[in-house]
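Descriptive structure summary
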Amino acid sequence: MKENNEAEKLLDQLAFKTESAWERWGEDQREKIFNFADGYKKFLSRAKTERETNKYIIAEAKDRGFVTLDEISSLNPGAKLYFDNRGRSSALVILGRKPICEGFRLVGSHIDSPRLDLKARPLYEDEGLALFKTQYYGGIKKYQWPVQPLALHGVVVLANGQSIDICIGEGPEDPVFCISDLLPHLASEQLGKKAKDAVAGEALNVIVGNLPYPKNNDLKERVKLAVLKLLYDTYGFTEEDLVSADLVAVPAGAARDVGFDRSLVGGYGQDDRVCVYASLRGFFDLTLPKHTAICFFADREEVGSMGNTGARSQFLANVVAELINRTDVVTPELKVRQALARAEALSADVNAAMDPSYPQVSDKRNAARLGYGISLTKYTGGRGKSGASEASAEFMGQVRTLLNKHDIPWQTGDLGKVDEGGGGTIAQFLADLGMDVLDAGVPILSMHSPFELASKADIYAAYKAYKVFWQSEV
Ligand code: MN
Ligand code: MN
């Protein structure tokens with residue numbers, strides 16, 4: 001008996017235990033967790049593209065007194081700034097008490113999600129239907145996108161430069177759009193294919209109309225013409241205007257509670273808007289930090305972070321250079337480099353949670369689980385850690401100690417078994433700039449699907465974690 005007690009004591013002292021975030025926080029935190037998730041669902045339901053998300057971020061920041069660099073005469077600790085990169089990526093900054101060249105704290109997430117982009121010449125008619133041709137964006141399982149209500153979001157730029165916002169399919173009275181799929185009766189060939197080939201990319205055609213323009217001699221493609229007329233009458237654009245457009249099809253409808261107990265959130269685009277929202281809310285809660293705090297929102301992560309709004313662009317380095325230029329007498333390039341090299345960052349991106357229906361792809365001892373807190377991922381990549389950066393033991397240790405100190409539930413989360421696959425985040429590109437970076441985000445199920453799943457307890461844990469990371473005086 002005595003020996004047993006001894007062993008238990010030892011276990012308690014030496015073994016690494018993870019605990020359900022729900023249990024760790026107990027009933028008294030439950031209302032806060034659920035309220036937080038309510039705000040998140042509203043955000044998720046209305047911000048479905050990088051443009052809409054960026055617009056939301058900038059509007060919320062302005063409401064809280066954030067200004068552009070041009071609108072402020074002298075930069076003092078506590079100054080609140082926003083940098084808008086082409087309406088598709090942004091950075092919010094709160095100047096800390098220490099000079100920025102001594103380093104800063106950054107939490108970076110991405111505001112783009114997998115979806116179907118319209119091609120430059122999308123509209124055509126076939127078999128009495130008007131359809132849009134699409135090209136998918138990011139890593140999707142193509143068979144998940146047919147036969148579900150889709151909404152159209154984006155902008156169309158007219159010949160005169162005027163930009164027209166489009167959002168059709170989200171209001172209760174709005175029409176939606178959809179992609180057809182074969183009936184099982186005639187799908188024997190399709191069903192014999194590998195899942196990745198079952199739905200071809202060129203079959204992801206969105207049905208947008210069936211009503212022909214009134215008969216007029218032998219005029220062809222009258223359904224297409226009727227759609228064009230409708231678009232012109234309603235929005236004022238022509239077929240050529242669709243060439244200068246960023247129009248995307250995304251799953252229609254609002255984010256929902258999932259489960260009898262309403263403990264989960266289901267909805268499109270939680271990769272990575274769950275970390276976007278958690279970091280944004282944590283950032284707005286900050287009081288004057290010691291280290292300058294940067295909340296960074298990247299576009300184009302799902303396609304490799306390339307492009308002038310992606311994390312590989314010069315945007316972040318330019319923001320730091322602008323800040324140093326305004327807070328220092330001179331701006332040697334060295335100071336910018338020092339600021340970046342001394343910076344610490346959390347790459348706020350979702351990770352794959354252990355799926356009880358597909359346990360074979362995860363190492364159950366190292367995978368994250370829903371409801372066990374924010375997931376810390378030391379490295380991502382695949383095939384022997386390839387294609388990613390890795391957090392140092394020192395930085396990992398610093399973050400872990402910080403979360404423990406603040407009683408924030410966390411867990412580790414590997415992306416799948418060794419050699420099962422892999423993936424990356426913006427972490428490596430922040431690391432390229434010189435920062436210490438750790439991937440820290442919300443674990444989700446059904447990643448990149450039209451209906452992703454997250455636990456409310458983890459969402460709340462992420463919000464708390466990002467906040468203490470920026471606020472920490474260490
Ligand atoms: Mn992501
Ligand atoms: Mn992703």
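Data block above holds the structure.
Description of the sheet that holds strand S5 (residues 129-137)
Hydrogen bonding along the main chain pairs the strands of a sheet, whether they run parallel or antiparallel. A sheet is described by the order of its strands in space; here seven strands give the open sequence S7-S6-S10-S4-S5-S9-S8, paired in antiparallel fashion. Edge strands, defined here as strands with exactly one partner in the open sheet, are strand S7 (163-168) and strand S8 (178-179). By the bridge criterion, three bridges tie S5 to strand S9 (residues 206-209) in an arrangement that is antiparallel. Directly across from leucine 131, in S9, lies its bridge partner isoleucine 207. The sheet contacts of helix H7 (residues 222-235) involve strand S4 (115-126), S5, S7 and S9, and relative to S4 the element is tilted by about 125°.

Remarks on the sheet that holds strand S11 (residues 256-258)
Reading across from one edge, S11-S12-S22-S21-S15 is the order of the five strands in this open sheet, with mixed pairing throughout. Each end of this open sheet is capped by a strand with a single partner; those strands are S11 and strand S15 (351-352). Strand direction decides the pairing type here: S15 and strand S21 (residues 443-445), joined by two bridges, are parallel. Its bridge partner being in S21, alanine 352 is matched across the sheet by isoleucine 444.

Details of the pattern of salt bridges
Enumeration according to the criterion identifies 24 salt bridges in this entry. Salt-bridge contacts for aspartate 257 lead to lysine 41; the nearest nitrogen and oxygen are separated by 2.8 Å. Taken together, the residues aspartate 257 in strand S11 and lysine 41 in helix H3 (residues 30-46) connect sequence positions 216 residues apart. Classification of aspartate 257 as partly exposed rests on a relative accessible area of 22%. The partner of lysine 48 in a salt bridge is glutamate 170, with the nearest N and O atoms 3.0 Å apart. Here lysine 48 is found in the loop between H3 and helix H4 (50-63), whereas its partner glutamate 170 is found in the loop between S7 and S8, with 122 residues between them in sequence. By relative accessible area, which is 24% here, glutamate 170 ends up partly exposed.

Here we look at the packing of aromatic side chains
The full count for this structure, using the stated rule, is 18 aromatic pairs. On the basis of an interplanar angle of 50° and a centroid distance of 6.0 Å, the ring pair of tryptophan 22 and phenylalanine 34 is categorised as tilted. One end of the pair, tryptophan 22, is in helix H2 (residues 21-25); the other, phenylalanine 34, is in helix H3, and twelve residues separate them in sequence. A centroid spacing of 4.8 Å and a plane angle of 55° characterise the contact between phenylalanine 43 and tyrosine 56, whose relative ring orientation is tilted. Taken together, the positions of phenylalanine 43 in helix H3 and tyrosine 56 in helix H4 put the pair 13 residues apart, joining distant regions of the chain. For tyrosine 56, a relative accessible area of 11% puts it in the buried group. Positioned above the aromatic ring of phenylalanine 284 is the side chain of arginine 64, whose terminal nitrogen or guanidinium carbon lies 4.2 Å from the ring centre. For arginine 115, the ring lying beneath its charged end belongs to tyrosine 137, and the centroid distance is 3.8 Å.

Conventions and cut-offs
- Residues numbered from 1 in each chain as written.
- Chains lettered and ligands numbered in written order.
- Predicted model: local features only at pLDDT ≥ 70, side-chain atom pairs only at ≥ 80, totals over all residues.
- Heavy atoms only, no water.
- Pairing = 2+ DSSP bridges.
- Helix = DSSP H or I, 4+ residues; strand = E, 2+ residues; numbered from the N terminus.
- Contact = heavy atoms within 4.5 Å.
- Axes fitted to C-alpha atoms, helices over the stretch in contact; angles between N-to-C directions.
- Salt bridge = Lys/Arg side-chain N within 4 Å of Asp/Glu carboxyl O.
- Buried < 20%, exposed > 50% of the residue type's maximum accessible area, 1.4 Å probe, protein only.
- Phe/Tyr/Trp six-rings, centres within 6.5 Å; stacked < 30°, edge-to-face > 60°.
- Lys NZ or Arg CZ within 6 Å of the ring centre and 35° of its normal.

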